[in-house]
Amino acid sequence: MPLFPITGDRRRRGATPRRESAPDGVRFDRWLDRLVDIAVIIALLVGGTALVLTLLR
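These remarks concern the structure in this document. It should be emphasised that the depicted structure is a prediction, and the values quoted were computed from it without experimental measurement.

How each quantity is defined
Residues numbered from 1 in each chain as written. Predicted model: local features only at pLDDT ≥ 70, side-chain atom pairs only at ≥ 80, totals over all residues. Heavy atoms only, no water. Helix = DSSP H or I, 4+ residues; strand = E, 2+ residues; numbered from the N terminus. Buried < 20%, exposed > 50% of the residue type's maximum accessible area, 1.4 Å probe, protein only. Patch = residues over 30% accessible without salt bridge, like charges linked within 9 Å, V, L, I, M, F, W, Y side chains within 5 Å. Areas by Shrake-Rupley, 256 points an atom, 1.4 Å probe, with all protein chains shown as cover. Salt bridge = Lys/Arg side-chain N within 4 Å of Asp/Glu carboxyl O.

1. Quick word on the overall build of the protein
And step 1. Regarding its fold elements, the protein presents 1 helix and 0 strands.
And step 2. The burial tally for the protein puts 0% of its 57 residues in the buried class.

Put into structure tokens, the structure is as follows:
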């Protein structure tokens, strides 16, 4: 017996229900999120490298 009973025809997989088709703005948001993720990773790598080089000198 599940701890929380399932209501309705579908099981919920998260707190936010998802739509079948995404509007155009959502695609841009996902693309922008990926771009920001890459920029943050690059900034962390550059900053970490600069810190290591500074500490080794």
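2. Topic: a nonpolar patch on the surface
And step 1. A contiguous nonpolar patch, built from Phe28, Trp31, Leu32, Leu35, Val36, Val40 and Leu44 and spanning about 690 Å² of accessible area, is present on the exposed surface.
And step 2. Residue placement: Val36 occurs in helix 1 (residues 24-56).
And step 3. With relative accessibility at 44%, the residue Val36 sits in the partly exposed group.

Purely geometric numbers; function is a separate question.
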